[in-house]
Amino acid sequence: MKLSLLTDYLESLAPLAYQEDYDNAGLIVGKPDQEVFQALISLDCTEAVVDEAIANNCQVIISHHPIVFRGLKKFNGKTYVERVVEKAIRHNVALYAIHTNLDNVLMGVNARICETLGLINTRILAPKQHLLKKLVTYVPVAQAEQVRNALFHAGAGNIGNYSEASFNAEGSGTFKANEYADPYVGEPGIRHTENEVRIEVIYPANLESKILMALVLAHPYEEVAYDLYNLTNPNQQVGSGMIGELEFPLNEEFYLGVIKEKMKAHVIRHTALTGRHVKKVAVCGGAGGFLLKQAIAAGADIFITADYKYHEFFDAENKILIADIGHYESEQFTQQFLYEIIRKKFATFAVRLTEINTNPVKYYI
């Protein structure tokens, strides 16, 4: 199939608009219209992974971490990044990354961690703001349902666990068409009054073009009147980290053992035990130290993440137990997650998981 069919599906689940400013998710090497017959999934894109893709006739590598974070000024093969990009281009292997956009969606990386740990009542730990907008439009009463349905179908009107949410109020609209107009109602040169419905819906900003197109196609008027508003409301479906609960409180030291086993961690770096039982658990795949304040504010008893620096452990201040399980360890199940969602959507498309452990950190035990 065309590569774009695969990437469009992945981006419908984890829109590129949801990635962090520093990130470089998306198609890094390759063309959207190139044919792909088999994909290789990996957490990282290394030279060994590219060699594996070539050996197994995979036309695209889907990795969690982007091989390119910053612009490359030279291609001399001096760094592993340059060598990976060069080899991929030379062998016509597309490189695609689905990184913080997959971290930040409700069903993404952190949800898989929560699932692995058996957490219940999960939610986004730090919902993102400035991702929602509101559309207000005015429609003749007879066509209001038609327009509402079109907006809902395009992705508007979703608030948390509720869909097809809208506000509606009836009133009178006036307009006078000029001699060049072809009005749906009324006559040119005469002011017309029409009973209309004011429809308001919230929508994700990244769907704006799709929603406006749906509005124009469904609306009966030649000129469609609408207003767009930026909202600061947090989007509860998008954000950093997650928090959930254990079914029963557990002793801290015992629970560290549970984490080590379930997350296949070689070692856990942690702060001093607080002496309290663990009930509420906050998680963030990868480097999540920036979420410590949110984890404490949410009442978490433990914060499971990675890449903590020495002085950052002091910030726990006996308010919470910090457990650093390792970057690779916290995100390793992302590979299986990607494999499952691609196989479910494209049952006849060949997908394989890398056989290479790309973790650059080794442990001397």
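Above: the structure in question.
Residues numbered from 1 in each chain as written. Predicted model: local features only at pLDDT ≥ 70, side-chain atom pairs only at ≥ 80, totals over all residues. Heavy atoms only, no water.

Time to look at the nonpolar core. In this structure, Ile62 and Ile342 are the most contacted members of the largest nonpolar core, which totals 26 residues. Among the elements of the structure, α1 (3-13), β2 (38-42), β3 (60-63), β4 (94-97) and α11 (334-345) are those that each provide at least two residues to this core. Not counting chain neighbours up to four residues away, the residues in contact with isoleucine 62 comprise Leu6, Leu10, Ala39, Leu40, Ile41, Ser42, Tyr96, Ile98, Leu338 and Ile342. Ala111, Ile124, Ile259 and Ile304 belong to the second-largest nonpolar core, a separate cluster that totals 24 residues. (Core = buried A, V, L, I, M, F, W, Y, C linked by side-chain atoms within 4.5 Å. Buried < 20%, exposed > 50% of the residue type's maximum accessible area, 1.4 Å probe, protein only. Helix = DSSP H or I, 4+ residues; strand = E, 2+ residues; numbered from the N terminus. Contact = heavy atoms within 4.5 Å.)

Under the defined criterion, the tally for this structure stands at 11 salt bridges. A salt bridge links aspartate 51 to lysine 87; the shortest N-O distance between them is 2.8 Å. In this pair, aspartate 51 sits in helix α2 (residues 47-55) while lysine 87 sits in helix α3 (residues 80-90), placing the two residues 36 residues apart along the sequence. A relative accessible area of 36% means that aspartate 51 is categorised as partly exposed. Of the charged contacts, one joins lysine 133 and glutamate 208 as a salt bridge, the two residues approaching to 2.8 Å between their closest N and O atoms. Within this pair, whereas lysine 133 is found in strand β6 (residues 132-140), its partner glutamate 208 is found in helix α7 (residues 208-218), the two being separated by 75 residues in sequence. In this structure, lysine 133 and glutamate 208 share a single accessibility class: buried. (Salt bridge = Lys/Arg side-chain N within 4 Å of Asp/Glu carboxyl O.)

In this section: the sheet that holds β2. Judged by pairing direction, the sheet is mixed, and its five strands sit side by side in the order β1-β4-β3-β2-β15 without closing on themselves. In the strand order of this sheet, the two ends are held by β1 (26-29) and β15 (350-353), each with one partner. Ignoring which end each strand starts from, the neighbouring axes of this sheet average 25° apart. Strand direction decides the pairing type here: β2 and β3, joined by four bridges, are parallel. Its bridge partner lying in β3, isoleucine 41 is registered against isoleucine 62. Of the strands in this sheet, β2, β3 and β15 touch α11, which is tilted by about 170° from β15. (Pairing = 2+ DSSP bridges. Axes fitted to C-alpha atoms, helices over the stretch in contact; angles between N-to-C directions.)

Within a beta sheet, neighbouring strands are joined by backbone hydrogen bonds and run either parallel or antiparallel to one another. Taking strand neighbours across the sheet as the criterion, the four strands line up as β7-β8-β6-β9 in an open arrangement whose pairing is antiparallel. With partners counted over all chains shown, the strands left at the sheet margins are β7 (167-176) and β9 (226-230), one partner each. Sheet twist, expressed as the average angle between the axes of neighbouring strands with direction ignored, equals 25°. Note that β6 and β9 share five bridges and pair antiparallel. When the bridges of β9 are listed, lysine 134 appears paired with tyrosine 229. Relative to the sheet, helix α6 (residues 144-154) contacts β6, β7 and β8 (191-204), its axis offset from that of β8 by approximately 20°. Each of β6, β8 and β9 is contacted by α7, which is oriented at about 5° to β6, the strand it contacts most.

In this model, the largest pocket occupies a volume close to 820 Å³. Elements with a minimum of two residues in the lining of the largest pocket: α4 (100-103), β10 (235-250), β12 (278-287) and α10 (327-331). Here the residues of the lining of the largest pocket sort into 16 nonpolar, 16 polar and nine charged. The calculated volume of the second largest pocket comes to roughly 710 Å³. Forming the boundary of the second largest pocket are 27 residues, of which Tyr18, Asn158, Pro204, Asn235 and Gln237 lie nearest the centre. Elements with a contribution of two residues or more to the lining of the second largest pocket: α1, β8 and β10. (1 Å grid on protein atoms, 1.4 Å probe; cavity = no way out; pocket = protein on both sides within 12 Å on 5 of 7 lines; lining within 4 Å. Points joined across faces, edges and corners; volume = space filled by probe spheres on them. Nonpolar A, V, L, I, M, F, W, Y, C, P; charged D, E, K, R; others polar.)

A separate point is α11. If you check α11, its first and last C-alpha atoms are 17 Å apart, about what 12 residues at 1.5 Å a residue would give, namely 16 Å. Among the residues of α11, Thr334, Gln335, Phe337, Leu338, Ile341 and Ile342 are the ones counted as buried. Across the axial projection of α11, the buried residues extend over an arc of 165°, all falling on one side. (Expected span 1.5 Å × (residues − 1). Arc of directions from axis to C-beta.)

Using the criterion set out here, one finds four aromatic pairs in the structure. With a centroid separation of 5.2 Å and an interplanar angle of 50°, the aromatic rings of tyrosine 308 and phenylalanine 313 are classed as tilted. This pair shows no difference in class: tyrosine 308 is buried, exactly as phenylalanine 313 is. Residue placement shows lysine 134 over the ring face of tyrosine 229; its charged tip is 5.6 Å from the ring centre. (Phe/Tyr/Trp six-rings, centres within 6.5 Å; stacked < 30°, edge-to-face > 60°. Lys NZ or Arg CZ within 6 Å of the ring centre and 35° of its normal.)

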